[in-house]
Each structure stands twice: as C-alpha cells, then as structure tokens.
Amino acid sequence: MLKDRIKRTNSEVLFSEAKQYFPGGVNSPVRAFKSVSGAPLFIKKGSGYTITDEDDNQYTDFCNSWGPLILGHNNEAIREAVIATIHNGMSFGTPTNHGNELGKFILDHNRYIDRIRFVSSGTEAVMSAIRLARGYTGRKKIIKFEGCYHGHVDALMVKAGSGLATFGVSTSAGIPESFAQETIVLPLDDEKAVEQCLETHAADVACIIIEPVPANNGLLLQRKAYLEFLREICDKHNVLLIFDEVISGFRVGFEGAAGYYGIEPDLITYGKIIGGGLPVGAFGGKQAIMEHVAPLGAVYQAGTLSANPVAMTAGLSCLKQLIDPDFYPFMAKKTNELADALEAYAAEKGYVLTVPRIGSIFWLCFSKEAVRTSAAINADSMEYFKILHHELLQTGVYLGPSGYEVGFLSAPLAHDQAALDQAIELMKKALDIAFQG
Ligand SMILES: *Cc1c(COP(=O)(O)O)cnc(C)c1O
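Since we're looking at a predicted model, the values are computed, not measured.

**Looking at the sheet that holds strand E16 (residues 407–408)**
Phase 1: Strand order across the open sheet formed by three strands is E13-E14-E16, with antiparallel pairing between neighbours. The two strands at the open ends of the sheet, each matched to only one other strand, are strand E13 (357–358) and E16.
Phase 2: Bridge analysis of E13 against strand E14 (residues 361–362) gives two bridges, and the strand direction is antiparallel. The partner of Arg357 across the bridge, within E14, is Phe362.

**Regarding the sheet that holds strand E12 (residues 281–285)**
Phase 1: Spatial strand order, E4-E12-E11-E10-E9-E5-E8: seven strands in an open sheet with mixed pairing. In the strand order of this sheet, the two ends are held by strand E4 (115–119) and strand E8 (183–186), each with one partner. Within this sheet the neighbouring strands show an average axis-to-axis angle of 20°, counted without direction.

**Focus on the nonpolar core**
Phase 1: In this structure, Phe145, Leu319 and Leu322 are the most contacted members of the largest nonpolar core, which totals 112 residues.
Phase 2: It is helix H14 (residues 417–436) that contributes the most residues to this core, nine residues altogether.
Phase 3: Composition of this core by domain shows at least three residues from each of domain 1 (9–74 + 325–436) and domain 2 (76–322).
Phase 4: With 22 residues, the next largest nonpolar core counts Val119, Ala129, Ile130 and Leu132 among its residues.

**Some words on the packing of helix H2 (residues 76–86) against helix H10 (residues 309–322)**
Phase 1: Contact geometry of H2 with H10 gives a least axis separation of 9 Å together with a crossing angle of 155°. As judged from the angle between their axes, H2 and H10 are roughly antiparallel. At the point where H2 passes H10, the crossing takes the right-handed sense. Two secondary-structure elements touch here, H2 through Ala77, Ile78, Ala81, Val82, Thr85 and Ile86 and H10 through Pro309, Val310, Thr313, Ala314, Ser317, Cys318 and Gln321.
Phase 2: Residue composition of the contact of H2 with H10, grouped by class: nine nonpolar, four polar and no charged.

**Notes on the site of the ligand**
Phase 1: As a matter of local geometry, the ligand sits amid Ser121, Gly122, Thr123, Tyr149, His150, Gly151, Glu211, Asn216, Asp244, Val246, Ile247 and Lys272.
Phase 2: A distance of 2.8 Å separates an oxygen atom of the ligand from a polar atom in the backbone of Gly122.
Phase 3: Contact with the protein chains removes 83% of the 380 Å² of surface that the ligand exposes when unbound.
Phase 4: A class-by-class count of the residues in the shell around the ligand yields three nonpolar, six polar and three charged.

**Concerning H14**
Phase 1: The first and last C-alpha atoms of H14 sit 28 Å apart over 20 residues, in line with the 28 Å expected at 1.5 Å per residue.
Phase 2: Turning to H14, its buried residues are Ala419, Leu420, Ala423, Ile424, Leu426, Met427, Lys428, Ala430, Leu431, Asp432 and Ala434.
Phase 3: Elements that come into contact with the buried residues of H14 comprise strand E3 (58–61), helix H11 (327–349), E14, helix H12 (382–395), strand E15 (397–398) and helix H13 (411–414).

Thresholds applied
Residues numbered from 1 in each chain as written. Predicted model: local features only at pLDDT ≥ 70, side-chain atom pairs only at ≥ 80, totals over all residues. Heavy atoms only, no water. Pairing = 2+ DSSP bridges. Helix = DSSP H or I, 4+ residues; strand = E, 2+ residues; numbered from the N terminus. Axes fitted to C-alpha atoms, helices over the stretch in contact; angles between N-to-C directions. Core = buried A, V, L, I, M, F, W, Y, C linked by side-chain atoms within 4.5 Å. Buried < 20%, exposed > 50% of the residue type's maximum accessible area, 1.4 Å probe, protein only. Domains from an automatic or database assignment. Parallel < 35°, antiparallel > 145°, perpendicular 65-115°, else oblique. Left-handed = near helix turned anticlockwise from the far one by under 90°. Contact = heavy atoms within 4.5 Å. Nonpolar A, V, L, I, M, F, W, Y, C, P; charged D, E, K, R; others polar. Near = heavy atom within 4 Å. Polar contact = N/O pair within 3.5 Å; in protein donor to acceptor, adjacent residues only side chain to side chain. Areas by Shrake-Rupley, 256 points an atom, 1.4 Å probe, with all protein chains shown as cover. Expected span 1.5 Å × (residues − 1).

Function-wise, these values are silent; they only describe arrangement.
Laid out in structure tokens, this is it:
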C-alpha cells in the first residue's frame, strides 16, 4: 500500500463506520476507492474549485461530483435561488412554474428537441428513453457499444458475448439472461460491425444508443464521420438513434454533442449538469416521438419527485450561467492549456501519456496515442494512475478515484490562472513519481 503523508484519520474512521450501514461503506460503488489507494475521502464542504475533507485537507477538485458541477462547488447564484425556492416548500407533486421555466429555457436554446420530460437521474432518463424507443417502433432489441455507460439500467448492464454471439451477456448478477439477450453489444469505431448487425437484425431493433462523447470508460472520442454514419444507417433501417448526453449535455456546449457535431439524434438523454448539483435527469426529442409518452401516449413513465421546484430551480440557475456565448470556448481553451501542458511535459520526459480532451473534459490516457475503443485501453497502465492519484492526494489535487474516469475542469478553476498553473505543476510532479518512482 502507498504511504500517506497527509492525515486522513477522520475519513478512515468515518469509512469504518459507514461500512456498518452501507454495502461496502458507500452508496455508489466507485466512491469506495477500490482501484486506488487508501480510504475514500469524506468531504465536508466545497467552494469554487476546492473541496475540504473531514481532516481539513483541501483539494483542487477535478471530479466535481462526477460532472454536474461545471460551475464549481457551492455556486452562489444556484445556492441563493435554491434557498429562495425552498422557503415555499420542496415538492408538491403538481405542475409548477419552475418546471415550465426550465423546460422553456432548454427548448429555446436547443435545436434538437422540442419536447422534454424531467426525471430524477441519468439512469431513469436512459431507462425511459429506451422504453419510448421500443414503444414507438414496436421492436424489442437495442444496440449499445462496448465502452459506453448508460447508468445501471438492466438492459444496458451488458457486455459483448464471446465468440460469434452478437447478443449480450449481463455484467451484473440479478439480470436475467433473457433481458441481456435483447441487447446487442458492438465495438465502437467500427462501421462494418453496425452494418452487418443491422443487415440481419434491423427488423427487430428499436434503437441504437451511444454516448456520442464516450466519457465513462476513459474518454474514447469518436470520429465525427462515424457518428454521422450512425445517423444515416439508423434512417435507412428506421431505427431510432439515441444520444446519451448525461455527461456531454451542457458540457461540450449548451446543445451538447448533438450541437458540437451537428448531428440530430431522435432522442437525447440528459442528467448531471442539467440539475446544477441536484438530482435531475431528462429525455427529449421531436414531438412526434415524445407524444407517445403517457398521458398522451401508451408508453408509461412517471416520478413522484420529478420536476420538483427545488431541483428545477437549481437546474435553471445553473443553465442560465452557461448560455453566455463566451462560456464554452473559454472552458475549452483552458482545458486545452492543461492537457497540452501535460502532454508536452510527458513528451519531454519520455513518459507514455496522451491527454484527450473535448470541451472541459480531459482524460489521462497512458498510451502513445488517444484510443477510440475500450479494447485499446491498456489495463496495466492503471498502475501509473494509482500512484499518480495517491501522490496528488498528498499534494492537494483530487481526481476521480479510477484511471477509467475522466477529469472535469470547473469554471472557477478555469478563471483562476494561478490555481490552474499550480495544479498543472503538481500533476507534472506526480507524473514524475508515477513513472520514476
Ligand atoms: C452518469 C451517467 C449516467 C447515469 O446517470 P445517474 O444520474 O448516475 O443515474 C448515464 N449515462 C451517462 C452517459 C452518464 O455519464
């Protein structure tokens, strides 16, 4: 085990206690620090680009609650708006004007959807979009890609079967084989695989779902031509194309990857940033498809706390701050600066590292070149990440606790050149330790 130079005693004690309450001590598995060293940090507060743990260590945060906090921690406008709304109550289970406001704001600034439905998580959004695709097309199979994550939906916790079998096998206990068999899993970046699959199965396939910016298993940036190909082949076979933009939505641009690449999917799912730090997800699309959702249509979908006024307020207050035309170009510029600096340093030192990036997402990829498929990721290289992660904790930089996780730049850090430069310097030093010991 790697040795700590910082005191993490309070986190360690709290983690031991948490194990008496929660399976593995956590409420979401990757938080348990299984693939890095030591106990997970218990964070007690966040402000701007920093988080503070229960031992009063402060970190510059590149995880940002796994993506939602593009404006950093405890954004003042979001906080004040939420407090003002809470004074009137938290949830009514009725329509509210807060829901209208967020719905209108999104639809007014998005060319790709004209109806939206709010839910409470990304998983729920994806689950509902898949049901809608099946209900709309009357077909039962779905196609997903190896290396894309879509939440813990039964039908999507599936990986490619062995050998020639196209149908998926589940990646979790508790998912009947018969469910997994309705999911076809294909490799990313491979037009032929999609063509051949649809030649045989098109009549049964309701949708192709993809993370247009795959960012849950490394950052596997796809060729634009490949994404355009998916649009064309879906049209050819009357298969719906679903962009799962739970990470990329409002992150690579206000219109997400659809806007970034200029490709119109049939359905889009959102989560993370859309709630400004509170639990919100959504799925949207053209009216002709969305009107199949209950109560207009036969596809049932519901939620007790869906579109509650507090979450809607947080989302609206967040999104209003992102609409400034300079926002996304500036975030991308600063992320490029960080990624270029690390790549240049690695090249100078002869370390095997590339830093793929898009918008304000980056990934430390311990390969000579950026990779586009999960099969191309070098699993052994995660040892470098483990050392790097540990060293950065010692010096006050927090990355998500797995080498397969991407980093997110927050606006407060992008705007603080000195802090960003310091984080870059600390990352360079941590690279030295990871590569030289
Ligand atoms: C995070 C994520 C999900 C799941 O969202 P939850 O809110 O964690 O349920 C689904 N799809 C993608 C692309 C994600 O990044």
